[in-house]
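Coordinate analysis (summary)
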Amino acid sequence: MASNLMGSNLASMMANRTFVRRGIGVVLIVAALLAQRFSSFFAQELIAEAAILGIFTLSLDLLATCGLVSFGHAGLLGIGAYAFGGVTVLMGLPPSVAIVAAVLGGIVVSFLVGLLAVRTSGAFFIMVTLAAAEMFYAWAFRSKLFNGADGMGGIPRLDLKPIGIDLDNPEIFALLCIALCVIVWVLLELVVASPFGRTLAAIRQNPSRVAALGGRVFAYRLAAFTTSGAIAALAGAFKVQHTNFISPDLVSWFVSGDVLIAVVIGGMGTLVGGPLGAAVLVILKDVLSSYVGHWYLFLGAIFAFVALALPHGIVGYMLDLIGRLSQSRTPAAAPGTSQEAAP
Amino acid sequence: MLLDPYFFAEQVLNSLQFSMLLFLLAIGLSVVFGLMDYLNLAHGTIYMFAAYVAFTVTQLGGSFWAALALAPFVAAAVGLLLYFLLLKRVERSGHLAQVLLTVGIIYMGTDLMRIAYGDLPKGVAQPDVLKGAVNLFGILYPSYRLFLIGLGLVVMTALYFALERTRLGALVRAGVDDRATAETLGIDIGKVFALVFAIGTYLAGVGGVVAAPIFGVYPGMDVTIIILVLIVVVVGGLGSLKGAILGSLLIGFADTFGKILLPQFAMMIIYLVMALVLTFRPTGLLPARRFSTSV
Amino acid sequence: MRRALCAGAVCAVLSMNSAALAADPFKIGGILATTGNDVPQGTEMANGMRLAIEQIGPQVNGRDIQLLIEDDGSNPNTGLQKARKLIQSDKVDMIAGVLLSATALAISPVASAAKVPVILSLASANALTGEKCSPWVFRASYANSQIAEPFGPWIAAKGYKNIFILGADFVTPREFAGDFRRTFEKAGGKVVGEVYSPFNKTQDFGPYLAQARSANPDAILAFYYGAEAILFAKQYESFGLKGKIPMIAMLGTTPVMLRQAQGSSVDGVISSLNYIPELQNPENIAFQKAYREKFHASASEFAVMGYDSMRFAIEAAKKVNGHVEDRVALAKAISQVSFNSARGPTRMNPATHQVDQNVYIAKIVKKGDAEVFDLIDTIPNVSTDASACKMAPLQ
């Protein structure tokens, strides 16, 4: 009897968390659409930027579900960006082909890097991914093909005019980016809920146990890394379409730091936390840089604050809160009720 | 050109000098990481801070030696303050929280230096007695750089004796090897931590002061150095003195000779070295015992 | 940081009148670094701009001059974004500033399509007034070739026949070196070596100095900037090269801004520049005085180029009687402006949209406690090659 109660309490709590998470996602989508509908001309640019960063954060968060934190994800973003730029500007092929090329490039590169990187974990993984990104930056900086540090302009957007959609219009482009972000989010929600996703979560919690149970940890991690790379490359392809310009600082250490910060602010492992954190970061940066000279000081203080007070991020905090509330509401909970630390 | 023995010897000296600087920072980071499982990316910020303090000391009329005596203590004090006020809070929260907090400190620290000192790079003069060059078997090598090499060797030896021959050293090694057991044996790991952190930060401060006359003082020097030091620590292996020495030498030589032999790949050489080492030894070349098994 | 500018009490009076006149302000968007590595240059440029507006403005034909400064974060991506913001959101009549050539190259098509004239306050890549010129883009600073080309024959004539080039590996040094090399070799000189080190990633120049020394040149031509310039100069001295092999450079390597940090290591360096604070013409003396009074510091080339950019803008606006909405007329007017700047006579060249100006050869000497520039030679009225620029007519 008691165990049944425990079981249903647990189940309802877990269902609560997933439900709440997805609920937050829906609210975020509605807010984004409203913002897009009623925003000024230039704010559309910010919305597009936030949505693209949102896709980027989702790629990083996917990796986090299996316990790997990358500090070099800008490299994968850059692969997509440079591939897209190269295929359109240098090879003259249409943007639709370039997007496919970008994603394929992301898959190939992340697979190859992953072969080495995924063998390490924790701090070592952070180092390897950082190093890989820095190497790519070094190449991009000196690349004569892409004008090195000067960067390359004239990168076209996807041509959907035949079906009546003009992506050169900032409002329409912003809408497309929001749509893309939503699609990626939904797909990843499905992945996380699938057996593959559950295995990843198990690997995050205790890799040795999974290995002992016969799971091939290396293969799963590599798969997650490669998928993450594909999504990051997709984000990169759209980032350069947004600015119509590509330069090596797209691949810098700071970009990797930014996306990591966005994910952590939103809530690592919550998926929806990524786009939320992205929106917060983009708005924060715009507001701060308009009014404050030394805004890195404030940004740093915010990161420190999040690390100290909000380690699970905004969404994580909300989920914890709801978890605590629903726990206190169940009167017959046995004193030793355990709570699974699930996102 | 490489075949010219004088040129070759000069580059060996250059490599050694660079290695020594890397070592001064790497040892603090490595032992802190090894002992406290704490990834302190703000280690470079302390290095930068000490360099700026040295600049201020010389601006106020002090000599280089005064700066060398004073600045590392100030740096260590600030480091300890940071530790007790901020860093300690995420000691048990995992690497991610530590990375986040220390990156936040990096951002804040760099901007604070910009606010206090402006954005222009500053210079610290070499001490007069070391200004010239010394004739070493036909090579004319700057005395200051020789001083750096000497200082590094002295620190290395001192740390070796401290770790291997003193009781405190034994406590540190025990804590790195197996913290839990050490604690059950009654060792106050908290005090050991604080002391290790203080010494590590002090050495980073020394690094900042001695690097200033050669490398200059500018906001952003913290990021440049921390990436290099992280690579040294990862390659050398966590938590061990030998690992820090080996890592510093390897990276110091790889960087210096890489720049001459393969200038097109100069930026990538050290990353390639790191990739190579990690492929065959995922936890570094000479990690302390606790880290030898793959995680 | 964004700031709208109009001088205090005058502004208050004008806003009372402007209700009656209904005159929109003349809006100029300034793209400058207020964060990132280029802040010192950006700050000086902004100061120069503000001083110009104060002295030559603060109004033109009854319209307030409004300077809106946006931070480009010292990188082209942000600069491009801010340019778009200034054009689309703030509806500026003109854009000025822009330190990085990369940013200028990115902004050029956007501004040209929007028909907003751009006056560059630095962005010195040759292409901007060469193959990538635009009828809407003007440059009040200098082109790399202007500084490099006259230096070649001058150096050869002084007897430095063998030169070793050391530089940071990115576009600007390579462009400088290429232009120098061409005229230098034509004048009978020989480049005995050319080695580049990773940009912003090099701290130890020992290996490079050793290579240069072993080639036994008459002089070393150095292209380094910022922190690298300091390190290079100090290491050049500490490795015993100072006094044995002279160092020559172009502007940016031994600038006034790095004086304190470089110290006496740069005594004796001969440079080719478009401005030194020690110039004795009346405009410069007045300019340095005014700058010092307002900002309590001495002005270097960035302040001058910022000032001049504004002067070009305001003089052009005067030529169209304040009707800056007629962008084509405004752009055409910019081409016709010339004046005596603190750096000597300047004239906007209509064929290239590059300012023609003097180039100075100066040596750094110790005077008392400090290092100063000592003017050795003046090469007057240097322009750029117009053949590379094929500009479409303004419409």
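For the structure given in this document, a descriptive report is provided here. (Residues numbered from 1 in each chain as written. Chains lettered and ligands numbered in written order. Predicted model: local features only at pLDDT ≥ 70, side-chain atom pairs only at ≥ 80, totals over all residues. Heavy atoms only, no water.)

What follows covers the overall build of chain A. Within chain A, the secondary structure is distributed over 13 helices and two strands. Relative to the compact-globule value of 20 Å for 343 residues, chain A shows a C-alpha radius of gyration of 21 Å, a close match. Across its three principal axes, chain A shows a C-alpha extent of roughly 70 × 50 × 45 Å. Counting the 343 residues in chain A, one finds 54% classified as buried. Once local pairs closer than 6 in sequence are excluded, the contacts in chain A between residues at least 24 apart make up 79%. Taking the 18 positively charged and 15 negatively charged side chains of chain A as two groups, their mean positions are separated by 13 Å. (Helix = DSSP H or I, 4+ residues; strand = E, 2+ residues; numbered from the N terminus. Rg over C-alpha atoms; globule rule 2.2 N^0.38 Å. Buried < 20%, exposed > 50% of the residue type's maximum accessible area, 1.4 Å probe, protein only. Contact = heavy atoms within 4.5 Å. Lys, Arg positive; Asp, Glu negative; His and termini not counted. Charge placed at Lys NZ, Arg CZ, Asp CG, Glu CD.)

Residues and elements named next belong to chain C. Within the structure shown, the criterion is met by one disulfide over all chains. Each sulfur in the disulfide pair C133 and C389 lies 2.0 Å from the other. Its torsion about the S-S bond being 95°, the disulfide of C133 and C389 is classed as right-handed. Separated by 256 residues along the polypeptide, C133 in the loop between β5 (118-120) and β6 (137-139) and C389 in the segment after β15 (370-382) bring together distant segments of the chain. Owing to a relative accessible area of 11%, C133 belongs among the buried residues under this scheme. (Disulfide = S-S within 2.5 Å.)

With that settled, the discussion passes to the side chain of K122 of chain B. Turning to its location among the elements, K122 of chain B is positioned in the loop between α4 (95-117) and β1 (133-136). With residues near it in sequence (within four places) discarded, K122 of chain B still touches Y52, F55, Y117, G216 and V217 of chain B together with Q260 and A261 of chain C.

Counting residues in hydrophobic clusters, the biggest one holds 321 residues, and the most contacted among them are V210 of chain B together with L166 and F287 of chain C. Looking at this core element by element, the count peaks at 16 residues for helix α1 (residues 5-36) of chain B. Counting only domains with at least three residues in this core, you end up with domain 1 (26-142 + 281-356) and domain 2 (146-273) of chain C. Ignoring sequence-local partners within four residues, the contact set of F287 of chain C consists of L51, Y275, A299, A303, V304, Y307 and A342 of chain C. Within the second largest apolar cluster, 22 residues are counted, among which are A83, V98, A104 and A123 of chain C. (Core = buried A, V, L, I, M, F, W, Y, C linked by side-chain atoms within 4.5 Å. Domains from an automatic or database assignment.)

Residues and elements named next belong to chain C. A large share of strand β7 (residues 162-169) lies buried, amounting to seven of its eight residues. Examined bridge by bridge, β7 and strand β8 (residues 190-198) share eight bridges and lie parallel to one another. In the sheet register, I163 faces β8, and the bridge partner there is V191. The parallel pair β7 and β8 is bridged by helix α7 (residues 171-186), and the resulting crossover is right-handed. Judged from the five bridges that link them, β7 and strand β9 (residues 219-223) form a sheet pairing that is parallel. Of the residues in β9, the one forming a bridge with L166 is A222. (Pairing = 2+ DSSP bridges. Right-handed = clockwise from strand over helix to strand, strands pointing away.)

Moving on: the interface of chain B and chain C. Across the contact, 33 residues belong to chain B and 28 residues belong to chain C. For the pairing of chain B and chain C, the buried interface totals around 2,600 Å² over both sides, and the portion due to carbon and sulfur atoms is 58%. Put simply, chain B and chain C have five residue pairs in polar contact (both at pLDDT 80 or more) between them. Those elements giving two or more residues to the side of chain B that touches chain C turn out to be α1, α2 (43-59), β2 (139-142), α8 (189-215), α9 (221-236) and α10 (241-261) of chain B. (Buried area = accessible area lost by both parts, 1.4 Å probe. Polar contact = N/O pair within 3.5 Å; in protein donor to acceptor, adjacent residues only side chain to side chain.)

The values reported here are purely geometric and, on their own, carry no functional implication.
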